[in-house]
Amino acid sequence: MNLEDRIYHVLLGIAYGDSLGMPTENYTRQQIQQKFGDVTKLLPSDSESLVAKNLPAGATTDDTANSLFVAKMLINNRGKIDKQTFMDSLIHWLDTDATAASVTGPSTMAAVEAVKSGISIDEAGKTGTTNGAAMKIGPMGLIYDYRNLRTLVKMVAEICVPTHNTQIAIQGAAVVAASVSYFFRNERIDWSEFYSLITETAMIADEYGNSVPTPDIIKRIAYGKEMADKYNEPAFLDDLYGFLGTGLATIEMVPAAVSLVYRYQGDLKQVTHIAANIGGDTDTLASICGAICGSHKFNIEQSEIALIESNSNVNFHEVAASLSELLEGSKGKC
């Protein structure tokens, strides 16, 4: 498989997870079962949806939008980070898309309002601890190589500044970017090496961002692996939702995503389907899992791809081609 196709699969993994988890976002596990049954295909949301109301099947939300803002920033700036370009794209989307505000997370909205009120982008994100940084970071793992880990983490920290300039949000985003980078650059996953990588990533990322009280993300990730190793599936899913957590906070979302990817061995469809049904911030959880797994086991049906491409109004092939060109031209630099 060529480079462009592998990048395309990561972008589609992001969008597929986002779209699959969109109708169930912010429902409990019990509510999802009562309202939807077992979600195994792309579904529309309805007027009772808690977040993304009245969206068609295959529509995407802020997870995909923000990931594309990062991708296009990288493309337009030849791999360099431009915080202002990212923030300008975000503000324009919120100002012009009728559904944008309803699907955007609290840290991002607070940062946007701060910037609009005159606060600098270097100050706006100092309280952002939710998963908005981790959900948008997939394209960074395509361009930046985990084998140059300090550079990857530094660049992740830089793009987090406008909306999520906290230690925990940067750690979570760096773990996701390093995970995407590792899966993207290895045909065979060495799980021991993978967990060593994300532990080192979180330790390096600890040097960045505003420090706020939070549990230790390294310990939470380690406990998620222990759950995946020890428990049968019902007990694993119960503790994933009821103890580790699948909500908006980075400290819940990233350990949960890593645990799911590990438990189901990087199988994109299986991981995202579990994420869409687990409860909580389902679209973001599934989208992060899709970003990590997209280049490893891409098993989305063509009819689902066509639905996403139609209802998201995104030319994923075009973005993938531009990222491929950028990556080919920057070998040895990122």
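Here, the structure is the one placed above.
Given the structure is predicted, the values throughout are model-derived calculations rather than measurements.

Quick notes on the rules
- Residues numbered from 1 in each chain as written.
- Predicted model: local features only at pLDDT ≥ 70, side-chain atom pairs only at ≥ 80, totals over all residues.
- Heavy atoms only, no water.
- Helix = DSSP H or I, 4+ residues; strand = E, 2+ residues; numbered from the N terminus.
- Buried < 20%, exposed > 50% of the residue type's maximum accessible area, 1.4 Å probe, protein only.
- Core = buried A, V, L, I, M, F, W, Y, C linked by side-chain atoms within 4.5 Å.
- Contact = heavy atoms within 4.5 Å.
- Axes fitted to C-alpha atoms, helices over the stretch in contact; angles between N-to-C directions.
- Parallel < 35°, antiparallel > 145°, perpendicular 65-115°, else oblique.
- Left-handed = near helix turned anticlockwise from the far one by under 90°.
- Nonpolar A, V, L, I, M, F, W, Y, C, P; charged D, E, K, R; others polar.
- Disulfide = S-S within 2.5 Å.
- Salt bridge = Lys/Arg side-chain N within 4 Å of Asp/Glu carboxyl O.
- Expected span 1.5 Å × (residues − 1).
- Phe/Tyr/Trp six-rings, centres within 6.5 Å; stacked < 30°, edge-to-face > 60°.
- Lys NZ or Arg CZ within 6 Å of the ring centre and 35° of its normal.

1. Some thoughts on the environment of Ser330
Alright, step 1. Following the sequence through the fold, Ser330 ends up in the segment after helix H19 (316–329).
Alright, step 2. Residue Ser330 is classed as buried on the basis of its relative accessible area, which comes to 7%.

2. So, the nonpolar core
Alright, step 1. In this structure, Ile7, Leu74, Met140, Val156, Leu260, Leu285 and Leu323 are the most contacted members of the largest nonpolar core, which totals 123 residues.
Alright, step 2. Broken down by element, the residue count for this core peaks at 13 residues, all from helix H11 (residues 167–184).
Alright, step 3. Residues contacting Val156, with those up to four places away along its chain left out, are Ile137, Met140, Ile170, Ala173, Ala174 and Ala177.

3. Notes on the packing of helix H4 (residues 83–96) against helix H10 (residues 149–164)
Alright, step 1. Running from N to C, H4 and H10 point in directions that differ by 45 degrees, and their axes come no closer than 9 Å. With respect to H10, the element H4 is oriented oblique. In this structure, H4 meets H10 at a crossing whose hand is right-handed. Contacts from Lys83, Phe86, Met87 and Leu90 in H4 reach Glu158, Ile159, Val161, Pro162 and Thr163 in H10.
Alright, step 2. Taken together, the residues of the contact of H4 with H10 sort by class into six nonpolar, one polar and two charged.

4. A closer look at the state of the cysteines
Alright, step 1. Using the criterion set out here, one finds zero disulfides in the structure.
Alright, step 2. Lacking any disulfide linkage, Cys293 is separated from the closest cysteine sulfur, that of Cys289, by 6.1 Å.

5. A few points about the packing of helix H6 (residues 106–116) against H10
Alright, step 1. At a minimum axis separation of 8 Å, H6 and H10 run at an interaxial angle of 75 degrees. One element, H6, and the other, H10, form an angle in the roughly perpendicular class. Of the residues in H10, those touching H6 at Ser107, Thr108 and Ala111 are Pro162, Thr163 and His164.
Alright, step 2. Partitioning the contact of H6 with H10 into residue classes produces two nonpolar, four polar and no charged.

6. Some thoughts on the pattern of salt bridges
Alright, step 1. Applying the stated criterion to the full structure yields 15 salt bridges.
Alright, step 2. Taking the shortest distance from any N to any O, the salt bridge between Lys269 and Glu301 comes out at 3.3 Å. Of the two residues, Lys269 sits in helix H16 (residues 268–277) while Glu301 sits in the loop between helix H17 (282–293) and helix H18 (302–312), which places them 32 residues apart along the sequence.
Alright, step 3. The class of Lys269 is buried, set by a relative accessible area of 14%.
Alright, step 4. For Glu301, a relative accessible area of 46% puts it in the partly exposed group.

7. Description of helix H15 (residues 250–263)
Alright, step 1. The end-to-end C-alpha separation of H15 is 20 Å, in line with the 20 Å expected for 14 residues at 1.5 Å each.
Alright, step 2. Counting buried positions over the 14 residues of H15 gives 12, a clear majority of the element.
Alright, step 3. Taken as a whole, H15 has its buried residues at Thr250, Ile251, Met253, Val254, Pro255, Ala256, Ala257, Val258, Ser259, Leu260, Val261 and Tyr262.
Alright, step 4. Positive phi appears at Gln265, one or two residues downstream of H15, with a value of about 55 degrees.

8. Regarding unusual backbone geometry
Alright, step 1. The phi torsion at Asn26 lies on the positive side, around 70 degrees, for a residue other than glycine.
Alright, step 2. If you trace the backbone, Asn26 turns up in the loop between helix H1 (3–21) and helix H2 (29–36).
Alright, step 3. In this structure, Arg78 is a non-glycine residue whose phi angle is positive, near 55 degrees.
Alright, step 4. Within the secondary structure, Arg78 is located in the loop between helix H3 (62–76) and H4.

9. What about the packing of aromatic side chains?
Alright, step 1. Applying the stated criterion across every chain yields a total of 13 aromatic pairs.
Alright, step 2. Taking 5.9 Å as the distance between ring centres and 70 degrees as the angle between the ring planes, the aromatic pair formed by Tyr27 and Phe36 counts as edge-to-face.
Alright, step 3. With relative accessibility at 21%, the residue Phe36 sits in the partly exposed group.
Alright, step 4. With centroids separated by 5.9 Å and ring planes inclined at 45 degrees, the aromatic side chains of Tyr182 and Phe194 adopt a geometry described as tilted. Taken together, the residues Tyr182 in helix H11 and Phe194 in helix H12 (residues 191–205) connect sequence positions 12 residues apart.
Alright, step 5. Of the residues examined, Tyr182 reaches a relative accessible area of 0% and is grouped as buried.
Alright, step 6. Through successive ring pairs, a cluster of aromatic residues spans Tyr146, Tyr182, Phe183, Trp191, Phe194, Tyr195 and Tyr262.
Alright, step 7. For Lys225, the ring lying beneath its charged end belongs to Tyr195, and the centroid distance is 5.6 Å.

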